[in-house]
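Single-letter residue listing:
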Amino acid sequence: LSAEQEKDLEAFQSRAALYWEGGRLDQALGQIELGLAIEPDDYKLLALQAAIHLRERAPSSSTDQRMLDLSLEEFEKLWEMRSPNSHDRRVLFFYALAKQAQGMRLLSEAERLRTRGTFPTNIPDPIAARRVQAQADREFASAGDMLQILLDRGELERLCHYHLMQLAIATNDMPQVFTEGNLYLKAAALAQQQTREAIAATVVYGWEVEQKRSLEDLRQEELNVRAFLAEQLNAEGEYEEALR
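My aim in this report is to walk through the structure given alongside it, one point at a time. Everything quoted here is computed from the prediction, not taken from an experiment.

## Thoughts on the overall build of the protein
- Looking only at helices and strands, the protein has 10 helices and 0 strands in total.
- Its helices and strands in sequence order give the protein the pattern α-α-α-α-α-α-α-α-α-α, from N to C terminus.
- If you line up the protein on its principal axes, its C-alpha atoms span 60 × 55 × 30 Å.
- The buried share of the protein, taken over its 244 residues, is 39%.
- When contacts within the protein are restricted to residue pairs at least 6 apart in sequence, those whose partners lie at least 24 apart make up 57%.
- Carbon and sulfur atoms make up 50% of the accessible area of the protein, which amounts to about 14,400 Å² in all.
- Counting 28 positive and 41 negative side-chain charges, the protein places the averaged centre of each group 2 Å from the other.

## Observations regarding helix H6 (residues 126-152)
- The first and last C-alpha atoms of H6 sit 38 Å apart over 27 residues, in line with the 39 Å expected at 1.5 Å per residue.
- Immediately beyond the C-terminal end of H6, within one or two residues, lies Gly-154, with a positive phi of roughly 75°.

## Looking at unusual backbone geometry
- Even without glycine at this site, Leu-156 takes up a positive phi of about 50°.
- Examined against the element boundaries, Leu-156 turns out to sit in the loop between H6 and helix H7 (157-170).
- Leu-156 sits in the partly exposed class, given a relative accessible area of 25%.
- Phi angles above zero are rare outside glycine, and Asn-172 is one such case at about 60°.
- Mapped onto the elements of the fold, Asn-172 is located in the loop between H7 and helix H8 (174-201).
- The exposed category is assigned to Asn-172, whose relative accessible area is 61%.

## Observations regarding the side chain of Gln-65
- Within the secondary structure, Gln-65 sits in the loop between helix H3 (43-55) and helix H4 (66-79).
- Looking at Gln-65, the relative accessible area reads 7%, which means it is buried.
- Sequence-distant contacts of Gln-65, that is, excluding residues within four places in its chain, are made with Ala-58, Pro-59, Ser-60 and Arg-105.

## Some thoughts on the packing of H8 against helix H9 (residues 205-235)
- Contact geometry for H8 and H9: axes closest at 10 Å, N-to-C directions at 160°. Between H8 and H9, the angle is such that the two are roughly antiparallel. The crossing of H8 and H9 is left-handed.
- Residues belonging to the contact of H8 with H9 are distributed by class as follows: 15 nonpolar, 5 polar and 7 charged.

## Looking at the packing of aromatic side chains
- On inspection of all chains with the given rule, the structure shows 5 aromatic pairs.
- Between Trp-20 and Phe-94, the ring centres sit 5.5 Å apart and the planes meet at 85°, which makes this aromatic pair edge-to-face. With a gap of 74 residues between them, Trp-20 in helix H1 (residues 3-21) and Phe-94 in helix H5 (residues 89-115) connect regions that are remote in the sequence. Phe-94 shares its class with Trp-20; the two are buried.
- Each ring, one from Phe-93 and one from Phe-94, has its centre 5.3 Å from the other, and the planes form 75°; the classification is edge-to-face.
- Classification of Phe-93 by relative accessible area gives buried; the value is 7%.
- Phe-94 gets classed as buried once you look at its relative accessible area, which sits at 13%.
- An aromatic cluster of three or more residues is present, and its members are Trp-20, Phe-93 and Phe-94.
- The aromatic ring of Trp-20 is capped on one face by Arg-55, whose charged end is 4.1 Å from the ring centroid.
- Arg-82 extends its terminal NZ or CZ atom over the ring of Tyr-43, reaching a point 3.6 Å from the ring centre.

## Thoughts on the environment of Ala-11
- In this fold, Ala-11 is placed in helix H1.
- Taking relative accessible area as the criterion, Ala-11 reaches 25% and is therefore assigned partly exposed.
- It is 42 Å that separates the C-alpha atoms of Ala-11 and Asn-182, two residues lying 171 residues apart in sequence.

Conventions adopted
Residues numbered from 1 in each chain as written. Predicted model: local features only at pLDDT ≥ 70, side-chain atom pairs only at ≥ 80, totals over all residues. Heavy atoms only, no water. Helix = DSSP H or I, 4+ residues; strand = E, 2+ residues; numbered from the N terminus. Buried < 20%, exposed > 50% of the residue type's maximum accessible area, 1.4 Å probe, protein only. Contact = heavy atoms within 4.5 Å. Areas by Shrake-Rupley, 256 points an atom, 1.4 Å probe, with all protein chains shown as cover. Lys, Arg positive; Asp, Glu negative; His and termini not counted. Charge placed at Lys NZ, Arg CZ, Asp CG, Glu CD. Expected span 1.5 Å × (residues − 1). Axes fitted to C-alpha atoms, helices over the stretch in contact; angles between N-to-C directions. Parallel < 35°, antiparallel > 145°, perpendicular 65-115°, else oblique. Left-handed = near helix turned anticlockwise from the far one by under 90°. Nonpolar A, V, L, I, M, F, W, Y, C, P; charged D, E, K, R; others polar. Phe/Tyr/Trp six-rings, centres within 6.5 Å; stacked < 30°, edge-to-face > 60°. Lys NZ or Arg CZ within 6 Å of the ring centre and 35° of its normal.

In structure tokens:
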């Protein structure tokens, strides 16, 4: 690339990232398109594009999963560019979420095959169900491996433990649910403390408002996890721990 092209590419990367962080995904995609016209294999832009397509996917209950399929295809191409531990945290984290979503999709398909079979016969097909279940388990395992790389690097600990807990729920591994849940709670407490310190230190009103909103989101996330863990403990007869 020429010096001018490099400068333009950096500008598109920067603006795309800012639009992404502000939730303006259409504008981010516009900047990504302009940047990829200069450098079609730009890692940063391709990673952001795949993450946006993942965020734009339909709910898991929808039959239209084209955006999930597209994001998985884009992440797979990115994955081939580097060795696993060399990937940017955005790729590792969002590719893990894409595989988690794909696993949940396959899990629903396996349940459908077990109970209702395939149209038009609608005869339960346990053999096909087991095959699809195995595919779901592979997706969950792959997602877990990516999250573990991030943990080994000391990155995104709260989010990684949260999603590892979700993976354990999906695979019905209750001991691991509690292990990851408790690790999440420790990371969540640290994240809230750091946010409170940021609020106390700032003199910028807009930043303070944003941090207070972030603190409330963190607190609500923690309460949701505590409620889930309490329900599971109560169901297992661990009443004192559930009350705590």
